[in-house]
Amino acid sequence: MTKKELLENGLLEQYVLGELDAKQNEVIEKLLKSDAELKAKLEDIESSFEELAIENAILPPDSVKSGLLSKIKIADAQISPKDSNNSRTWLGIAASFAAFFLLGSIWLYSELNTVKEDLRIVGDQNEALQKDLDGITKNYDEVSKWYAALSNPDAEQYILKGNALAPEAKIVSFVNHRNKSVIINAQKLPNLDAEHDYQMWADVDGEMINMGVIPKDAKLMAMTYIDDAESLNITIEPLGGNDHPTVERLISNVYLD
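Cut-offs and rules
Residues numbered from 1 in each chain as written. Predicted model: local features only at pLDDT ≥ 70, side-chain atom pairs only at ≥ 80, totals over all residues. Heavy atoms only, no water. Helix = DSSP H or I, 4+ residues; strand = E, 2+ residues; numbered from the N terminus. Expected span 1.5 Å × (residues − 1). Polar contact = N/O pair within 3.5 Å; in protein donor to acceptor, adjacent residues only side chain to side chain. Core = buried A, V, L, I, M, F, W, Y, C linked by side-chain atoms within 4.5 Å. Buried < 20%, exposed > 50% of the residue type's maximum accessible area, 1.4 Å probe, protein only. 1 Å grid on protein atoms, 1.4 Å probe; cavity = no way out; pocket = protein on both sides within 12 Å on 5 of 7 lines; lining within 4 Å. Points joined across faces, edges and corners; volume = space filled by probe spheres on them. Nonpolar A, V, L, I, M, F, W, Y, C, P; charged D, E, K, R; others polar. Pairing = 2+ DSSP bridges. Axes fitted to C-alpha atoms, helices over the stretch in contact; angles between N-to-C directions. Contact = heavy atoms within 4.5 Å. Salt bridge = Lys/Arg side-chain N within 4 Å of Asp/Glu carboxyl O.

Asks: Just checking my understanding: could you explain helix H3 (residues 22-34) for this structure?
Replies: Because each turn of an α-helix spans 3.6 residues, side chains separated by three or four positions in sequence point in the same direction. The end-to-end C-alpha distance of H3 is 19 Å, a good match for the 18 Å that 13 residues give at a rise of 1.5 Å each. Where H3 begins, the side chain of Asp21 points an oxygen toward the backbone nitrogen of Lys23, at a separation of 3.2 Å.

In structure tokens:
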């Protein structure tokens, strides 16, 4: 756990509220001992919680107070000058006051629990937002990677158009002989049934070498680069691909310069 994770995920607030396990508490306490800034932040959070609890405290109803005062008056009226043991009476009065303050504490504790629940909800929302941000960042990195590969001046573009078996098929390939990479855009490949896959092959001196199976949901994907390939070819094969191409199910090919 780093200082950044501690602050961004609301763990310091959860530490103050006692919602973390012993291991997490131990890690945070070690960080607090070595980081004055973090310790100051903890003190600010504790002060804020205290102010929030006081501001949102709900006093007991007036009926509670009036009832306690009535009992005190009754107890006072029962005091006799001849009674030499007044301590029992005053203990009753003290107990009444203690009950009054206990009720106030219960209300305050209830409000504090409400604040804790609100903080938990905020923490969950922050975690969800962080996951969304991570997803956006990952997608951005992925798009940037593909853009860099496709816009590379060494990448040569070849278009594989479908034949009579798949007239609507159109695959755009980008072959980079310098860094030995092949990227295809398979978005316009017609859908296949669940029992078959498209597979790509490189023709080298008359031998068809496997470049990889094209997943059904593929858009942009990298295929295996084959040295000295004379052409790129796509066939329809059994699900999961084949060891050798089914030539009669060749749907497209293109010769490389």
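Asks: Explain the nonpolar core here, please?
Replies: What tends to happen in soluble globular proteins is that the nonpolar side chains get buried as a cluster. The biggest cluster of nonpolar side chains holds 28 residues, and the ones touching the most others in it are Ile184 and Ile214. Secondary structure elements with two or more residues in this core: strand E1 (155-161), strand E2 (170-176), strand E3 (181-188), strand E4 (196-204), strand E5 (207-214), strand E6 (220-223), strand E7 (231-238) and strand E8 (250-255). The dominant element in this core, judged by the number of residues it contributes, is E4, at four residues. Membership of the second largest hydrophobic core comes to ten residues, among which are Leu6, Leu12, Leu38 and Ile45.

Asks: Sorry if this is basic, but what is going on with the environment of Leu17 here?
Replies: With respect to the helices and strands, Leu17 occurs in the loop between helix H2 (11-16) and H3. Taking the relative accessible area as the measure of exposure, Leu17 reaches 14% and is therefore buried. Taking the C-alpha atoms as reference points, Leu17 and Glu46, 29 residues apart in sequence, are found 9.2 Å from one another.

Asks: How do you make sense of empty space enclosed by the protein when you look at a structure like this?
Replies: If a probe the size of a water molecule is rolled over the atoms, the empty space left behind becomes visible. Taken as a whole, this structure holds one cavity of 30 Å³ or more when the rule is applied. Residues that form the lining of the largest cavity fall into these classes: nine nonpolar, one polar and no charged.

Asks: Mind showing me how you'd approach the sheet that holds E7 here?
Replies: Sheet strands pair by backbone hydrogen bonding; their relative direction is either parallel or antiparallel. Strand order in the open sheet formed by four strands is E5-E4-E7-E8, and the pairing between neighbours is antiparallel. In this open sheet, the two edge strands, each paired with only one partner strand, are E5 and E8. Along the sheet, successive strands turn relative to each other by an average axial angle of 25 degrees, direction set aside. Looking at chain direction, E4 and E5 are connected through seven bridges and run antiparallel. Bridge assignment links Ala202 to a residue of E5, and that residue is Ile209.

Asks: Quick question: what am I supposed to make of the sheet that holds E1 here?
Replies: Read from one edge to the other, the open sheet built from four strands follows the order E1-E2-E3-E6, with strand pairing classed as antiparallel. Two strands lie at the open edges of the sheet, namely E1 and E6, each paired on one side alone. Geometrically, the sheet is characterised by an average inter-axis angle of 25 degrees between neighbouring strands, direction not taken into account. With four bridges joining them, E3 and E6 adopt antiparallel strand pairing. Looking at E6, one finds that Ile183 is bridged to Ala222.

Asks: Explain the environment of Ala169 to me, please; I cannot follow it from the model alone.
Replies: Here Ala169 shows up in the loop between E1 and E2. For the pair Ala169 and Lys188, spaced 19 residues apart in sequence, the C-alpha to C-alpha distance is 5.8 Å. Sequence-distant contacts of Ala169, that is, excluding residues within four places in its chain, are made with Leu160, Lys161, Gly162, Lys188, Leu189, Pro190 and Ile251.

Asks: Is there a simple way to explain the pattern of salt bridges in this structure?
Replies: Two side chains carrying opposite charge are able to pair once their charged atoms lie near each other. Scanning all chains against the criterion turns up four salt bridges. The salt bridge partner of Lys30 is Glu26, with a shortest N-O separation of 3.8 Å. Placement of both Lys30 and Glu26 in helix H3 is noted, with a separation of four residues, approximately one turn of the helix. Residue Lys30 is classed as exposed on the basis of its relative accessible area of 55%.

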